[in-house]
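# Structural overview for review
Residues per chain are reported as follows:
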Amino acid sequence: MKYSRLGSSQIEVSRICLGSMTWGLQNNQHDADEQINYALSRGINFIDTAEMYAVPPSPETYGKTESIIGDWLKRHQEKRQHITLATKIAGGGLHWVRDGGPITGDAIIKAVDDSLTRLNTDYIDLYQLHWPNRTSPHFGKQWPGMINFSELDVEQEKAGMLDILQSLETCIKAGKIRHWGLSDDTTWGIHTYLSLADKHGLTKPVSIQNEFNLLHAKDWPYLIESCVNENIAYLPWSPLASGMLSGKYLGGARPAGSRWSLMQRHGLFRDTQLAQEAVARYVEVAKDFNLSAAQLALAWCDQVDGVTSTIIGATNMDQLKENIQAFEKPLCPEALAEIDTVFKAYPAPF
């Protein structure tokens with residue numbers, strides 16, 4: 001297993017991060033135990049979760065994933081120091097989470113304590129803001145005209161960000177969290193937090209996780225350039241585009257128990273005709289190089305300059321093993337050239 005520095009922190013994390021959002025809905029405690037134990041045996045030391053999980057989110061599954069991880073940690077306390085554990089505070093919009101309110105300083109203080117209780121741990125290595133309070137161009141909202149940026153009250157937004165920074169600092173000084181990061185944010189978000197942290201002598205973010213894959217690479221190059229130059233770890237989530245890049249949803253297929261067979265909070269916005277065409281092409285490229293389509297997509301993500309650790313997820317052990325194998329050998333120049341041809345033909349299919 002290869003490791004990379006988590007931004008400006010002193011933490012070395014595996015190039016693979018074990019995602020957990022299916023635990024508590026599609027997967028139970030036994031499944032999670034099996035995945036965690038296998039991941040650790042393969043050198044993975046990075047686990048990502050969130051208070052909102054399992055996904056799709058609901059009042060019934062809120063906090064279940066953290067509790068499942070906490071159950072494992074309670075039985076394996078000797079391994080806690082060897083794991084980089086990341087979780088997230090949910091943003092506004094979920095009525096069952098703090099009445100749907102935005103992220104505030106007070107919300108962070110309470111949410112951190114609640115996550116620590118569910119996780120059965122005294123500290124969180126990386127505490128992340130799941131999405132910003134302002135509307136950001138994620139989850140299908142990246143197209144021109146979908147967000148009116150000029151309507152944002154910038155000073156009010158900055159005041160809220162400073163309140164968040166101050167509460168994160170309180171948690172860091174109390175030893176409850178070691179570092180903090182962003183999720184589903186933008187270049188402006190990163191630099192505003194950096195500027196506020198500099199101005200007020202507060203702790204800077206060490207990471208950001210956004211959706212990034214062969215079908216959705218909008219963060220390249222501008223946001224990723226900022227991450228590299230500001231020493232912020234870039235952590236791609238959904239490197240398989242919610243499973244689409246595995247090829248299992250081609251032709252409208254909906255395998256039993258798969259994520260797309262469940263209710264989707266934001267709808268199936270990834271399932272476009274262009275995305276279907278692109279995936280079919282990537283499946284053929286994968287066959288040419290004796291890889292599964294999932295392995296091709298994951299290996300491509302891993303080799304992108306600026307990527308620190310890729311967040312993978314699986315609902316069964318066969319998927320997990322297949323995904324981990326994708327990181328064992330770099331893609332050859334010929335494979336990268338074929339991928340590049342398809343990518344340029346379908347640069348933004350959803």
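Since the structure is predicted, the reported quantities are computational estimates derived from the model, not experimental observations. Sequence order sets the numbering: in each chain, residues are counted from 1 along the sequence as written. Owing to the predicted nature of the model, reporting of local features is limited to residues with pLDDT of at least 70; listing and counting of side-chain atom pairs is limited to 80 or more, with chain, interface and lining totals taken over all residues. Side-chain measures were taken over the full set of non-hydrogen atoms in the model, leaving aside hydrogen atoms and water.

### Points about the sheet that holds strand S8 (residues 207-211)
Two pairing modes exist for strands in a sheet, parallel and antiparallel, and in both the strands are linked by backbone hydrogen bonds. Read across the open sheet, the eight strands follow the order S9-S8-S7-S6-S5-S4-S3-S10; overall the sheet is parallel. At either end of the open sheet lies a strand with only one pairing partner, and these are strand S9 (233-237) and strand S10 (310-312). Across this sheet, the average inter-strand angle for adjacent strands is 30°, counted without regard to direction. Sheet analysis places strand S6 (residues 124-129) next to strand S7 (residues 177-183), joined by five bridges and oriented parallel. Following the sheet pairing, leucine 126 is matched in S7 by histidine 179. Only strands that DSSP links by at least two bridges are regarded as paired with each other. The secondary structure listing takes helices from DSSP runs of H or I that are at least 4 residues long and strands from runs of E that are at least 2 residues long, numbered from the N terminus. Orientation is described by lines fitted to C-alpha atoms, with helices fitted over the stretch in contact, and by angles between N-to-C directions that extend from 0 to 180 degrees.

### As for the side chain of aspartate 185
Relative to the helices and strands, aspartate 185 is located in the loop between S7 and helix H5 (187-200). Residue aspartate 185 is classed as buried on the basis of its relative accessible area of 3%. Residues within four places of aspartate 185 in sequence aside, it is in contact with Pro132, Arg134, His138, Tyr193, Ile208, Asn210 and Leu223. The cut-offs for exposure are 20% and 50% of the maximum accessible area for each residue type, with area from a 1.4 Å probe on protein chains only; residues under the lower value are buried, those over the upper are exposed, and the others partly exposed. Two residues form a contact once any of their heavy atoms are found within 4.5 Å.

### Observations regarding the environment of serine 20
Among the structural elements, serine 20 can be located in the loop between strand S3 (16-19) and helix H1 (29-41). Here serine 20 falls in the buried class, since its relative accessible area comes to 2%. As for serine 20 and alanine 314, which are separated by 294 residues in sequence, their C-alpha atoms are 8.2 Å apart. For the purposes of these results, a polar contact is taken to be a pair of N or O atoms within 3.5 Å, where, inside protein, one atom must be able to donate a hydrogen and its partner to accept one; residues adjacent in sequence count only when each atom of the pair is a side-chain atom. In this structure the side chain of serine 20 is engaged in a polar contact, spanning 3.2 Å, whose partner is the side chain of threonine 49.

### Remarks on helix H4 (residues 154-173)
Over its 20 residues, H4 extends 28 Å from the first C-alpha to the last, a length consistent with the 28 Å expected when each residue adds 1.5 Å. Those residues of H4 that fall on the buried side of the exposure criterion are Glu157, Met161, Leu162, Ile164, Leu165, Ser167, Leu168, Glu169, Cys171 and Ile172. Those residues of H4 that are buried are in contact with helix H3 (105-119), S6, S7 and H5. Backbone geometry just downstream of H4 places glycine 175 in the positive-phi region, at approximately 80°. Helix span is expected to be 1.5 Å times the residue number reduced by one.

### What about the pattern of salt bridges?
Any Lys or Arg side-chain nitrogen found within 4 Å of a carboxyl oxygen on Asp or Glu counts as a salt bridge. Counted by the stated rule, this structure contains 20 salt bridges. In this structure, glutamate 211 engages arginine 270 in a salt bridge whose closest nitrogen and oxygen atoms are separated by 3.0 Å. Here glutamate 211, found in strand S8, pairs with arginine 270, found in the loop between S9 and helix H7 (273-288); they are 59 residues apart in sequence, far enough to count as distant. One salt-bridge network, held together by shared partners, links Glu51, Glu66, Arg98 and Arg118.

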